[in-house]
Amino acid sequence: DWESAWDNHENKDEESSSTQNGPWLQDCVVSLSPCSDLLVVAREHKAAFLSAKWRTDDSGREEMTLAVSWTGTLSTEEGECVMSSICIPLASQKRSSTGRPDWTCVVVGFTSGYVRFYTELLHEDPVLRLKCRTYEIPRHPGVTEQPEELSILYPAALVTIDGFSLFQSLRACRNQVARAAAAGSDVIQPPPLAYKKWGLQEMDNIVDHSSVGIMTLCVFDQMKNASVLGGFNASVKGSPPAMSQYVTVGAGPFTGFYYAVEGSSQPLLSHVAMAVASKLTSALFSAASGWLGWNKNKSEDEALQKQKPKVEPATPLGIRFGLPDSRRHGESICLSPCNTLAGVTDDFGRVTLLDLARGIAIRMWKGYRDAQLGWLQVPEERGDREFSPSVSLPKRHALFLVIYAPRRGILEVWAMQQGPRVGAFTVGKHCRLLYAGYRLMGVNSVTSQGWQLHTQQVCLLDPTTGALRTVSVPFHLALSDKKCERAKDMHLMKRLTAVLKSRDALESLLSTKNAPVSCLMNITRALNDTLKQQDPNGVDTALVQLCSSQLKLLQLYSDIQQLHSAAETQDEPENDSLEGMADELSRVGPTLQRYAQLTSRPSVSFAQDSPDSPLPAQAFLSQLECTEDGELKVIRRSETEWNQLGNFMFWGCLCGKSSLHKVCDTLQQAGISPQQLLTLLLSVWLQREKEVLQKPEETVRNLHSLLVALSNMKGAVEESWDPQSISPWWQQVRCTCIQSHNAAAALLAALVAHRAAKASITSRADSKLQSEWEAVSLELEQWVVCVRQLENVLVLQTLLLVPPPQGAAGGAPAQCSIKALLEGGTGGIADSVSKWVFRQNMSPERLKEILQTREARTPPTEQQFVILRFCLAELLVAVCHRFPHSLSPDLLFAHCCWEYVVQWNKDPEEGRHLLWAVEHLKLVSSPHIQLGISTMMWSTFIVKRFSAAAFLTEKVKYTKRSRTQIFDVGMGDKAMTSFLCCCVQLLQILMEVDSAVEEVAAPELSVEEAWSGAEGPASIAELALEQRGVHYPLVQHHCLLATLMHAAMTFSLKVKPLSLFDSKGKNAFFRDLTTIQLMPSGDMDPSLVLLRQEVNPDILRRHLVCELYNQGLDLRAEEVMLEVEDKDVLGSQLLVLTGQRLSYSLLHSQTQTQTAMELLARLPPTLCTWLKAMDPSELRCPLVPLRQTSRLVGRLIEMLPENHAQYSLALHLLEAVDVLTTED
């Protein structure tokens, strides 16, 4: 609370900050009019104008907002961007004006050097900063009136425009625009504009400036300056001249002071504007014509100049003195309203306070990097004059410096000049402090008489909330004497008095958090009694109505609170029959028990979010309102607040701690509709599912009593309800249960509502002395279907809640509801289970085993589940029995196949996902579904990567060594080999099922009767049956290529697969498999035949030798080894295999001997490191006798020449194996 924060000087520290969006606003040029009626946000060449508008908020209160009134491009020169902008409100010249501006001019500076209110080139460098000075009423006699002025800073020049000349020029220009718009023209004649241009010298870099105004030195300072500048013989004029003071910040020096003597020969360059006026038009006015209401014809300006206008040279102006600091670089300067002080920020994170009259730094703050500054000048209030030491003196003013530190997200206010910090606010890290430093232009001492200038001094714009907040400081915070406390109390008393005069006082009081209810009731009752005793004509009617309505709500809150806090609750007789509920609960009890176990895992929550936390009276009042007819209406805000209100009203009744009939009577007498009460009851029942399942019998009984009590209220079940139609009351209960994701609580609520509805319909039929069988069956049939669906959902949700094994793919379990499953289409249930299968990391063979047990046994009873302890397989079987059609084996395998291929597509390095997708596809019994899914898999996921792999293999010379290129396909070499193997299997499945579809009829897909109303996307199986057949020769053609590529990757062959096919064969590749393509003929080109025969068979022999050794078949490997020609390469391959065997014996074996440990310690470091790098998991038979390994090492020594790089490593291996063999 910004208001109350002033009362405490020790505010919150800067550490607390909230996570917000990125600092996009810091990159924009933002300017706000001092009247807060126009905001300009610009970035690069685009800008948006936001104008003030009144609007009514949700609570009916009027509030001022800034709405976008114009957006577009401001730049007209190519490549120019906005560098600075200001909004100057121009005072009205009408006598009836009270201080509001006539209109607001936006002045924008560009990197091209243009400053546009209308087009005028003043300098060719980028515009750094625009600043304005307007008329200020002198606080006391003797203060010099400063002329109005607009100053424009360039990197090496300062342009000042006289305010009176600018004001007249802008008014004339606006009148011309209005006349041109009325005449249908867009050409205006800009009047001449006078300006001065100073070339600032002797400063290395200038980034910001302040024009202090005209000043006159005293005689002593004049003599001192003359002596310093002119030496001993300098002459001194009789009267000190008037000078304009300019202060700049940057580097070399850090701060510079410039003085321009008034009356010297400065050029008034009005002839420049005269020369170009006929050729140029207003860029901003034409661009913003729609926003300003001028120039409805938006045709582009065709008179863009071919050459820039003449730029006059600047008059040199030397620096008088500065504050030298070679390492410090100034970033910005902010001039105080009294023109005597200035705040400067620098790149060291410091804020320096300058005394401009003396030219010295008088104070410095540390730790304010990227700080933004503003000033507040607060006049003394009428009540504060009583504490002034001399009442006859002029009204005092207090000066405060506002510092916003974005790095810390804090806004601070400091009293000047050496005062303390009087306020600090945590505001966020991405705000912008907006301080104009000027008021209306065109005001003077005559026209300002009697005006009240409605301007804001400092505002803070928060981009995350869109709020524009004003900074206001009470005057008494500047007082430091013993009367400060009394002034503070008087200020607080004055605020309180002002608030109490309106209805805002009562609203503020009732919205106070943690206020006692008794206190609120006493105050509201006292105010209500006082208003009743006054004259009815002089009393605010709205305040009277507010008092009576809030008093009624407070009484209701107090009554409910007392009912819930009663020490003892009398057991009320159970009038409603609950016969049969025990049987229902025992039937679904085991499933509820398992569901409760899976949902009761520990989780982290905050105490303030607990449903058991008490509901404050303020929250209760904010959610209820009184209507004109005296009824109460519940306002649904957020879901959390709604649940808190439901907990407050009904949770005590559901737990049996409160008299539910008394609570219902109290709520009915208050006038709350039974429909809203029903919604609140069901929301708290569903939300507190865990607590409900702890004592299901007791809570179900209380829910039944509450439901019956609400049903008997007036307006719940209509008296004229036709039993042959659906009851809106019970339909509301069904809709809530259908949409709920809390399956157990929804099922219990449906069982209770079903029994209550049945009893209600029976009593209605008995009262009419007739039996209306149609009515009973129509309403109750809806409940039978709903209960059946909720039982299915509960079993399915219990399965989905089973946690995955540790290390499996993550992901939160899916939340099921009847509505979600119906909207998921006919394949929604199978899709949920397939995602669960993926999370469980369940292999296709394991899933097949579980489904086979399903077909082999009868549906298990609920009691059998208790005996079987709800193991994963039994849960899955139970779900499949609940959904015999939606989870038929073919449908489940099809969805699992699709789920795995989708997950593989997200991470192609996981080759096992694609392999299991193909395995699931093989388990589908219907060739029609197999064909469709294979076709969709190939076209959606496979063919793109397959073609990329083929072209990549064609380009690369050595496939195994081209790992960087293989990553272009998204896979490494191992994943690529697995991928090509899956491609071969997928294409083989396609060829097999293409022949089988003719022999078998297409399956007929169906769903369970209870789920026949599913609406949504078609299942994977339905989409598969809609696919067209494939062209068998084209599939066979692709299968040949896939086999070649798989062989090349497996055997590391130096082959280019695409080069082994002719042009027809190449053109047929990667086409849609359902289309007919021209295939290669039987006649082959002899050169192509020769190319196909170039594959080296020695590579295959070496691979066979390695595979035999890998399997532990050493003797057979030695036989094949005799036919190998390249012994060196084979030796290198077998050396790795030997290292894997030895690594397994020494490092990975479960039974490591002491001899092996000692040998490992004696091994050379290079050999030990090499063995640790080996991966024995690649061996299919790691347990090989040491004699065979010793024989293999002997073969290696024979094969490798002595000059081989790995010969010494083989010798070390031979020594290690011999030692192990001897010890063994």
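That block above? That's the structure.
Below: a short report on this structure. On a predicted model such as this, the values are computed, not experimentally measured, just so you know. (Residues numbered from 1 in each chain as written. Predicted model: local features only at pLDDT ≥ 70, side-chain atom pairs only at ≥ 80, totals over all residues. Heavy atoms only, no water.)

**So, the overall build of the chain**
What the chain contains, in helices and strands, is 41 helices and 29 strands. Looking at the chain as a whole, 48% of its 1224 residues qualify as buried. Considering only contacts in the chain between residues 6 or more positions apart, those separated by 24 or more positions represent 71%. When the accessible surface of the chain is split by element, carbon and sulfur atoms take 51% of a total near 60,400 Å². (Helix = DSSP H or I, 4+ residues; strand = E, 2+ residues; numbered from the N terminus. Buried < 20%, exposed > 50% of the residue type's maximum accessible area, 1.4 Å probe, protein only. Contact = heavy atoms within 4.5 Å. Areas by Shrake-Rupley, 256 points an atom, 1.4 Å probe, with all protein chains shown as cover.)

**Details of the pattern of salt bridges**
Under the defined criterion, the tally for this structure stands at 27 salt bridges. R129 is the salt-bridge partner of D208, the closest N and O atoms lying 3.1 Å from each other. Residue D208 is found in strand β12 (residues 205-216), and its partner R129 is found in strand β8 (residues 129-133); the two are separated by 79 residues along the sequence. A relative accessible area of 0% places D208 in the buried class. (Salt bridge = Lys/Arg side-chain N within 4 Å of Asp/Glu carboxyl O.)

**Remarks on the sheet that holds strand β19 (residues 351-355)**
With respect to topology, 4 strands assemble into an open sheet ordered β17-β18-β19-β20, the strand pairing being antiparallel. One side of each edge strand has no neighbouring strand; the edge strands of this open sheet are β17 (330-335) and β20 (360-365). When the angles between neighbouring strand axes are averaged without regard to direction, this sheet yields 25°. Across 5 bridges, β17 lies against strand β18 (residues 341-346) in antiparallel orientation. Opposite G330, over in β18, you have D346 as the bridge partner. (Pairing = 2+ DSSP bridges. Axes fitted to C-alpha atoms, helices over the stretch in contact; angles between N-to-C directions.)

**What to know about the packing of aromatic side chains**
In total, this model carries 17 aromatic pairs according to the counting rule given. One aromatic cluster is present, built from ring pairs that chain together W938, F946, F951, F1061, F1069 and F1070. The ring centre of F254 lies 5.8 Å from the NZ or CZ of R328, which sits over that ring. The ring of W916 carries the charged tip of R912 above its face, separated from the ring centre by 4.6 Å. (Phe/Tyr/Trp six-rings, centres within 6.5 Å; stacked < 30°, edge-to-face > 60°. Lys NZ or Arg CZ within 6 Å of the ring centre and 35° of its normal.)

**Notes on unusual backbone geometry**
If a residue is not glycine, its phi is most likely negative; likewise, a peptide bond is most likely trans. Between G252 and the following residue, P253, the backbone shows a cis peptide bond with an omega angle of 0°. Even without being a glycine, S36 presents a positive backbone phi close to 60°. Mapped onto the elements of the fold, S36 is located in the loop between β1 (29-32) and β2 (38-43). For E202, which is not glycine, the phi torsion reads 65° and is therefore positive. Given the relative accessible area of 58%, E202 is considered exposed.

**What to know about the sheet that holds strand β26 (residues 458-462)**
Taken together, 3 strands build an open sheet; the order of strands is β25-β26-β27 and the sheet is antiparallel. At either margin of the open sheet sits one strand with a lone partner, and together these are β25 (432-435) and β27 (467-470). Within this sheet the neighbouring strands show an average axis-to-axis angle of 25°, counted without direction.

**Thoughts on the nonpolar core**
Formed by 184 residues in total, the largest nonpolar core has its most connected members in F620, M649, W685, W730, I933 and F979. Top element by residues in this core is helix α19 (residues 743-767). It accounts for 14 residues. Excluding residues within four positions of it along the chain, I933 makes contact with A894, C897, W898, L921, I1020 and A1024. Membership of the second largest hydrophobic core comes to 40 residues, among which are C334, V351, V471 and V473. (Core = buried A, V, L, I, M, F, W, Y, C linked by side-chain atoms within 4.5 Å.)

**Considering the packing of helix α14 (residues 660-670) against helix α17 (residues 696-711)**
Look at α14 against α17: their axes get within 10 Å of each other, and the N-to-C directions meet at 30°. The pairing of α14 with α17 is recorded here as roughly parallel in orientation. Handedness of the crossing formed by α14 with α17: right-handed. Residues L660, H661 and C664 of α14 lie in contact with α17, whose contacting residues are N702, S705, L706, A709 and L710. Taken together, the residues that form the contact of α14 with α17 break down as 5 nonpolar, 3 polar and no charged. (Parallel < 35°, antiparallel > 145°, perpendicular 65-115°, else oblique. Left-handed = near helix turned anticlockwise from the far one by under 90°. Nonpolar A, V, L, I, M, F, W, Y, C, P; charged D, E, K, R; others polar.)

**Quick word on helix α27 (residues 911-923)**
For α27, spanning 13 residues, the distance from its first C-alpha to its last is 19 Å, which sits close to the expected 18 Å at 1.5 Å a residue. Within α27, burial applies to G911, H913, L914, W916, A917, V918, H920 and L921. (Expected span 1.5 Å × (residues − 1).)

**Considering the environment of E1198**
With respect to the helices, strands and loops of the structure, E1198 is situated in helix α40 (residues 1186-1199). On the basis of relative accessibility, which here comes to 63%, the residue E1198 falls in the exposed class.

**Details of helix α32 (residues 1032-1051)**
For α32, with 20 residues, the first-to-last C-alpha span of 28 Å sits near the 28 Å given by 1.5 Å per residue. Within α32, the full set of buried residues consists of L1034, V1035, H1037, H1038, C1039, L1041, A1042, M1045, A1048 and M1049. Taken from the residues just after α32, S1052 is the one with a positive phi, measuring 55°.

**Description of the packing of helix α15 (residues 674-687) against helix α18 (residues 728-739)**
One way to put it is that α15 packs onto α18 with a least axis distance of 11 Å and a crossing angle of 25°. As summarised for this structure, α15 and α18 are arranged roughly parallel, according to the angle between their axes. In this structure, α15 meets α18 at a crossing whose hand is right-handed. Residues P674, Q675, L678, T679, L682 and L686 of α15 pack against W729, Q732, V733 and T736 of α18. Here the contact of α15 with α18 is composed, by residue class, of 6 nonpolar, 4 polar and no charged.

**Section: the pairing of β26**
Among the 5 residues that make up β26, 5 are buried, leaving the element largely enclosed by the rest of the structure. The two faces of β26 match: V458, L460 and D462 on one face and C459 and L461 on the other face are all buried. The sheet contact formed by β25 and β26 spans 4 bridges and is antiparallel. The residue bridging Y435 from the neighbouring strand is V458, located in β26. Hairpin connection, β26 to β27: the antiparallel pair is bridged by 4 residues, and G466 has positive phi, about 75°.

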